[in-house]
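Here is what each chain is made of, one letter per residue.
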2 protein chains.
Amino acid sequence: MREMQRQREVQDMLRTAGLRPTRQRVALAELLYSRGNRHISAELLHEEAEAADVPVSLATVYNTLHQFTEAGLLREVAVEGTKTYFDTNTDDHHHFFIEGDNRVIDVPGSGVSMTRLPEAPEGMEIVRVDVVIRLRRKD
Amino acid sequence: MREMQRQREVQDMLRTAGLRPTRQRVALAELLYSRGNRHISAELLHEEAEAADVPVSLATVYNTLHQFTEAGLLREVAVEGTKTYFDTNTDDHHHFFIEGDNRVIDVPGSGVSMTRLPEAPEGMEIVRVDVVIRLRRKD
DNA sequence: ATTTGTGCAAATCGTTTGCATCTGA
DNA sequence: TCAGATGCAAACGATTTGCACAAAT
């Protein structure tokens, strides 16, 4: 069935990234990548895993998210606040952040463009430019 | 002397913002605003206060920073990482973030400009746009 | 006098770490 | 076999909170 098919894909993805496809990693990867782009916190992913009958410790969820990030399968989103979000979309793109319900969503298409990026200071190079558009519910 | 002059200015600033000019708040405001624009963490401000012989508890530093922020005297800078930075420059401007030494600095002038800001999703309005340019030391 | 702010210590939250135990190649 | 992964619980750092005390109007 479809289930096994997806597992194999995920395993290959992990192997390609140089990560052993363990039970937990495969399960987490499936949760992450089987529903389009997501912006998820460690805690929420942990809950989803439990709900899906995949017992994983929170520590392992953190380890896994960081490994995926280093392997280029995820991207950390720098939003203010204490929580860290991981984005399954690693392409160059920007984010809306909804104050209040603390949700992160992608800016569709290339809705932002920058003209005149400033020069990096002496001896520095630009790693990435993050744009976060803070939103509030209109009342 | 100059010292008292500055105190009065700061007291007025606080009163105008609707905050009682208490000993601690005046002292913290002086530290914040007497040396040009700063990007400072609660912990560092606390240390500076101690060093300046103004005993303030860390809790009060946090309270004060948040009150100043609500009053529009400060702006929280959304950089990833656990620590929160407060910026004494509340104008519209963007930031460099130096990975490694976790420093935040202002992008000078209006070195960045955005064309085509995306529309806010239905029922939402844009509060602010934060741009963080991540830098790494060139090797 | 009344309201508002402060200090302290304990509590909380998200995240990381140490280490003994398991598991996949 | 055995390097590498996992789970657990304890450790951690930053921030917050509750409450008795102190200071500002």
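Here the residue numbering is sequential within each chain, running from 1 through the sequence in written order. To label them, take the chains in the order written and letter them from A, then take the ligands in the order written and number them from 1. Reporting of local features is limited, given that this is a predicted model, to residues whose pLDDT is at least 70; pairs of side-chain atoms are given and counted only at 80 or more, and all residues count toward the totals for whole chains, interfaces and linings. Side-chain measures here rest on the full set of heavy atoms in the structure, leaving out hydrogens and waters.

> Explanation requested: the interface of chain B and chain A in the structure shown.
Quite often, the size of an interface is put as the accessible area lost when its parts meet. Taken together, the 36 residues of chain B in the interface contact 36 residues of chain A. Summed over both partners, buried area is the accessible surface (1.4 Å probe) that two parts give up on being assembled. Of the roughly 3400 Å² buried between chain B and chain A on both sides combined, carbon and sulfur atoms contribute 56%. Between Lys or Arg on one side and Asp or Glu on the other, a salt bridge is scored when a side-chain nitrogen of the former is within 4 Å of a carboxyl oxygen of the latter. At the boundary of chain B and chain A, one finds four salt bridges. Helix and strand assignments come from DSSP, with helices taken as H or I runs of at least 4 residues and strands as E runs of at least 2, each series counted from the N terminus. Mapped onto the side of chain B that touches chain A, the elements with two or more residues apiece are β4 (95–98), β6 (113–115) and β7 (124–137) of chain B. The biggest single contributor to the side of chain B that touches chain A is β7 of chain B, with 14 residues. As defined by bridge partners, strand β7 (residues 124–137) of chain A adjoins β7 of chain B across 13 bridges and the pair is classed as antiparallel. Bridge pairing in β7 of chain B links Glu125 of chain A to Arg136 of chain B. Two residues qualify as a contact provided that any one of their heavy atoms is within 4.5 Å of a heavy atom in the partner residue. Strands were regarded as paired on the criterion that DSSP finds at least two bridges between them.

> Teacher, can you tell me more about the pattern of salt bridges here?
Opposite charge on two side chains permits them to pair, given that their charged atoms come into close proximity. Per the counting criterion, the structure on display carries 17 salt bridges over all chains. The closest approach of N and O atoms between Glu30 of chain B and Arg6 of chain B, which form a salt bridge, is 3.7 Å. With Glu30 of chain B in helix α2 (residues 23–33) and Arg6 of chain B in helix α1 (residues 2–16), the pair connects residues that are 24 residues apart, well separated along the chain. Burial classification: accessible surface area is computed with a 1.4 Å probe over protein chains only, and a residue below 20% of its type maximum counts as buried, one above 50% as exposed, and the rest as partly exposed. A residue is classified by how much of its surface remains accessible, and Glu30 of chain B, at 10% relative accessible area, is buried. The exposure class assigned to Arg6 of chain B is partly exposed, which follows from its relative accessible area of 31%. In the salt-bridge network here, residues are joined through shared partners; they are Arg75, Arg128 and Asp130 of chain A together with Arg134 of chain B.

> It is not clear to me how the protein's contact with DNA strand C should be interpreted in this structure. Could you clarify?
For DNA strand C, the set of nearby residues contains 21 residues, the closest of which are Tyr62 of chain A together with Arg20, Thr22, Arg25 and Thr60 of chain B. Taking the atoms of DNA strand C that fall within 4 Å of the protein, sugar and phosphate contribute 83% of them. Between DNA strand C and the protein, one listed contact pairs a phosphate oxygen with a side-chain N or O atom of Tyr62 of chain A at 2.4 Å. A distance of 2.7 Å separates a phosphate oxygen of DNA strand C from a polar atom in the side chain of Thr60 of chain B. Put simply, the parts of the chain that give the surface near DNA strand C at least two residues each are α4 (58–70) of chain A together with α2 and α4 (58–70) of chain B. If one sorts the elements of the surface near DNA strand C by residue count, α4 of chain A sits on top with four residues. Amino acids are sorted into nonpolar (Ala, Val, Leu, Ile, Met, Phe, Trp, Tyr, Cys and Pro), charged (Asp, Glu, Lys and Arg) and polar (every other residue, Gly among them). Looking at the surface near DNA strand C residue by residue, the class counts come to seven nonpolar, seven polar and seven charged. Whether a residue is near a molecule or strand is decided by its heavy atoms; if any one of them lies within 4 Å of it, the residue is near. Think of a polar contact as two N or O atoms within 3.5 Å of one another; within protein, one of them needs to be a possible hydrogen donor and the other a possible acceptor, and neighboring residues in sequence only count if both atoms come from side chains.

> Looking at this model, I keep getting lost on the pairing of β7 of chain B. Mind explaining?
Look at any regular strand and the pattern is simple: side chains alternate between the two faces of the sheet. The sheet contact formed by β4 of chain B and β7 of chain B spans four bridges and is parallel. Note on β7 of chain B: the bridge partner recorded for Ile98 of chain B is Leu135 of chain B.

> It is not clear to me how the environment of Val77 of chain B should be interpreted in this structure. Could you clarify?
All names here are of chain B. Position of Val77 relative to the elements: it lies in strand β2 (residues 75–77). The exposure class assigned to Val77 is buried, which follows from its relative accessible area of 6%. The spacing of Val77 and His39 is 38 residues in sequence and 8.2 Å in space, taken between C-alpha atoms. When near neighbours in sequence (up to four residues on either side) are disregarded, Val77 contacts His39, Tyr85, Asp87, His95 and Val104.

> How should I be thinking about the packing of helix α3 (residues 42–51) of chain A against α4 of chain A in this particular structure?
Two measures define how a pair of helices packs: the angle their axes make with one another and the distance between the axes. Residues and elements named next belong to chain A. For helices, the fitted line uses only the C-alpha atoms of the stretch in contact; every axis is such a line through C-alpha atoms, and the angle between N-to-C directions lies from 0 to 180 degrees. In the contact formed by α3 and α4, the axes pass within 9 Å of each other and the chain directions differ by 120 degrees. With respect to α4, the axis of α3 lies oblique. Between α3 and α4 lies a crossing of right-handed hand. In this structure, α3 contributes Ala42, Glu43, Leu45 and His46 to the contact, and α4 contributes Leu58, Val61, Tyr62 and Leu65. A breakdown of the residues in the contact of α3 with α4 according to their chemical character gives six nonpolar, one polar and one charged. Geometric relationships in this document are graded by angle, where less than 35 degrees denotes roughly parallel, more than 145 denotes roughly antiparallel, 65 to 115 denotes roughly perpendicular, and other angles denote oblique. Note on convention: the crossing is left-handed when the near helix lies turned anticlockwise from the far helix by less than a right angle, right-handed when the turn is clockwise.

> What exactly am I supposed to notice about the protein's contact with DNA strand D here?
Taken together, 21 residues form the shell around DNA strand D, and within it Thr22, Arg25 and Thr60 of chain A together with Tyr62 and His66 of chain B come nearest. Per the 4 Å cut-off to the protein, sugar and phosphate atoms form 83% of the nearby atoms of DNA strand D. Between Thr22 of chain A and DNA strand D, the recorded distance is 2.6 Å, taken from a side-chain N or O atom to a phosphate oxygen. Those elements that provide at least two residues to the surface near DNA strand D are α2 (23–33) and α4 of chain A together with α4 of chain B. Looking at the surface near DNA strand D element by element, the count peaks at four residues for α4 of chain B. The class makeup of the residues in the surface near DNA strand D is seven nonpolar, seven polar and seven charged.

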